[in-house]
Structure formats: structure tokens, C-alpha cells
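Okay, here's what each chain looks like letter by letter:
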Amino acid sequence: MNDFIYKNKSNLLRLKRTFNSFFGIEIVKYPTTDLDRRIKLLQHYQIDVILDIGANIGQYGGEMRNLGFKGDIISFEPMKEAFSKLQKNAAGDPKWKVFNCSIGERDGESTLNIAKNSVSSSLLENLPQLTDSAPEARFIKKETIDIRKLDSIFDDLNLKNKNIYIKIDTQGYEEMVLKGAKNSLEMVKGIQIEMSLIPSYQGAVTFDSMKTFLNSLGFNLMALENGFYDPKTGKQLEIDGVFYK
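As a starting point, this report considers the structure included with it. Remember, it's a predicted structure, so these values are computed and weren't measured experimentally.

## A closer look at the overall build of the protein
The helix and strand inventory of the protein stands at eight helices and ten strands. Relative to its 245 residues, the protein shows a buried fraction of 44%. Summarising the internal contacts of the protein: among those between residues at least 6 apart in sequence, 67% fall at separations of at least 24. When the accessible surface of the protein is summed, it comes to about 13,300 Å², and 52% of that surface belongs to carbon and sulfur atoms.

Rendered as C-alpha cells:
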């Protein structure tokens, strides 16, 4: 019986490798280890609302729904075109709210650098590393956007007695998001944040500094999720750090 199981597993493995090689794609178990760990942490800390800062068209929110998260999602996206798509993606979900603004260190207006691929757009100027590793990330235009401190709008979000998790993916602007959320972070249980190993944007805080800063606020690193790397050199440029109090 054991020999039969072993032979069948070996045949399936060979078939998988052949399929991967022929089509140039990888068959992987879903959810992946990173995603399985993320949802288990959310469940362990009884998270019932996610603030999705830097939502783009709603990729993260959609992923969380696919993983079975049934709590509230509140997404923030400043780009007009991306926000329009975000609205459509969230439209059929009564527990998914969307806001057309950036979250940062002040209230007012700012200028966003729009990247060709949309997801690499940033309030910061890029560094050569960005377009060297991803030519489609080059900036092609600018757009005036609204920017708000999380502290300024937090009470209006009606999050009293909620277990809050913040996801921050703002292309190097993560430190500014945290600076504008000093009071709000006291009510937050967990943070998932993009962290630079090799910065792609001017002024982006690197991994060590960000970890030290979050530790000083009482958040401890619980997990790391894979992120952007240079496809030519293999250098890891960014990872996501998952922190909890």
C-alpha cells in the first residue's frame, strides 16, 4: 500500500514538472504558506476590520475575501483611474467601503507620480533601482490628489470596539502614513507593511529602521511575506512585514 502511494505521488510530481516546463507556469497549493499564515494570524487576533491603505484596484481586498475574511474592509486609493476600478470591484460587497484619498502625514493636497503599471505610483520620486528592475514602473504623468492623516478621519470610520489590522502599501511612503496615525495606532492590533531592503524610492525607510520604529510603538514582527525582487539579479528589494501587539 505504501509503495502504491509513493509511486502515485512520484507520478504526480513528474506530471506537475512536465506541465510547469511546457506551459511556463507553476502549479502551487492555495492558499500559499504566506497567505495561510496571514489568515491564521488574523483569526488568532480576532481581527474584524482591515484598513487597506494603498488599495490600487482592490487586489488585496479581493485576496482577503478569497481567503475567507468576512469582516469589514476599508480601502483608500488616491488615483482617479485606479479608484474607479476599485469602486467597481467593491460594489457588490456591503462590508467593503472605499475612499478616494491617500493616507499620509498631513491633510491637504499632494502630487502623485503615476507609473505606467499603476501599482508603482508614488508620492516619492523614484530611484534608478526601480526602473532598472521594472521598466514598466517608470513615471508617465502626475496627478493632484487628496491626502489625509489617519488621525484626522479615524473617528469618522466608526471603529470603536473593533480589532483593527492595517495594511500599508504606499510605495516608499509608509513612514509618512505612520507619522499621521500616532493616535490611531493605539487602537490598532496588527500592521502589514511593505518594507524596503534596497530602496526604490527617494526617502523610503529601510527594513531595519522601520522594524525599530514599529517595535518602539509596541508592535512585534510575527511574519515576513515575499515581495518584489529584481528579476535580472535575483536581489530581494521589498518584503512585507506582519506585526502585532
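Alright, that's what it looks like, and here's the rest.
## A few points about the sheet that holds strand S4 (residues 102–104)
The strand order across the open sheet built from three strands is S4-S6-S5, with neighbouring strands paired in mixed fashion. If you trace the sheet from one side to the other, it starts and ends with S4 and strand S5 (108–115), each paired once. Taking the axes of each pair of neighbouring strands and ignoring which way they run, one obtains an average angle of 50 degrees across the sheet. In this sheet, strand S6 (residues 139–149) lies alongside S4 in parallel orientation, the contact comprising three bridges. Directly across from Ile 103, in S6, lies its bridge partner Arg 148.

## Overview of the sheet that holds strand S7 (residues 164–168)
Backbone hydrogen bonds are what pair the strands of a sheet, in a parallel or an antiparallel way. Taken in spatial order, the seven strands of this open sheet run S3-S2-S1-S7-S8-S10-S9, and their pairing is mixed. The open sheet terminates on both sides in strands that have one partner only, identified here as strand S3 (96–99) and strand S9 (220–226). Averaged over neighbouring strand pairs, the angle between their axes works out to 15 degrees when direction is ignored. The pairing of strand S1 (residues 49–53) with S7 spans five bridges and is parallel. Residue pairing for S7: Val 49 is matched across the bridge by Ile 164. Strands strand S8 (188–196), S9 and strand S10 (238–244) of the sheet are contacted by helix H8 (residues 207–216), whose axis makes an angle of about 165 degrees with S8.

## Some thoughts on the pairing of strand S2 (residues 72–76)
Looking along a regular strand, one sees side chains alternate from face to face of the sheet. Of all five residues in S2, four are buried, a share of seventy percent or more. The sheet contact formed by S1 and S2 spans five bridges and is parallel. For Val 49, the partnering residue across the bridge sits in S2 and is Asp 72. This β-α-β element, S1 to helix H3 (residues 59–66) to S2, shows right-handed connectivity. Note that S2 and S3 share four bridges and pair parallel. Within S3, the position partnered with Ser 75 by the bridge is Val 98. Crossover S2 to S3 through helix H4 (residues 80–90) is right-handed.

## Let's talk about the packing of aromatic side chains
This model, assessed by the stated rule, comprises three aromatic pairs. Note on Phe 76 and Phe 99: the rings are 5.5 Å apart at their centroids and 20 degrees apart in plane angle, and the pair reads as stacked. One end of the pair, Phe 76, is in strand S2; the other, Phe 99, is in strand S3, with 23 residues separating them in the sequence. The class for Phe 99 is partly exposed, based on a relative accessible area of 32%.

## Structural notes on the environment of Gly 234
Here Gly 234 is to be found in the loop between S9 and S10. For the pair Gly 234 and Ser 133, spaced 101 residues apart in sequence, the C-alpha separation works out to 9.7 Å.

## A closer look at unusual backbone geometry
Notably, Gln 46 is not glycine yet its phi reads approximately 55 degrees, a positive angle. Relative to the helices and strands, Gln 46 resides in the loop between helix H2 (33–44) and S1. The exposure class of Gln 46 is exposed, given its relative accessible area of 55%. For Asn 161, which is not glycine, the phi torsion reads 65 degrees and is therefore positive. Tracing the backbone shows Asn 161 in the loop between helix H6 (150–153) and S7.

## Section: H3
Three or more residues of H3 are buried, namely Tyr 60, Gly 61 and Met 64. Buried residues of H3 fall within an arc of 100 degrees about the axis and therefore sit on the same side. Within two residues after H3, Gly 68 carries a phi angle of roughly 100 degrees, on the positive side.

Cut-offs and rules
- Residues numbered from 1 in each chain as written.
- Predicted model: local features only at pLDDT ≥ 70, side-chain atom pairs only at ≥ 80, totals over all residues.
- Heavy atoms only, no water.
- Helix = DSSP H or I, 4+ residues; strand = E, 2+ residues; numbered from the N terminus.
- Buried < 20%, exposed > 50% of the residue type's maximum accessible area, 1.4 Å probe, protein only.
- Contact = heavy atoms within 4.5 Å.
- Areas by Shrake-Rupley, 256 points an atom, 1.4 Å probe, with all protein chains shown as cover.
- Pairing = 2+ DSSP bridges.
- Axes fitted to C-alpha atoms, helices over the stretch in contact; angles between N-to-C directions.
- Right-handed = clockwise from strand over helix to strand, strands pointing away.
- Phe/Tyr/Trp six-rings, centres within 6.5 Å; stacked < 30°, edge-to-face > 60°.
- Arc of directions from axis to C-beta.

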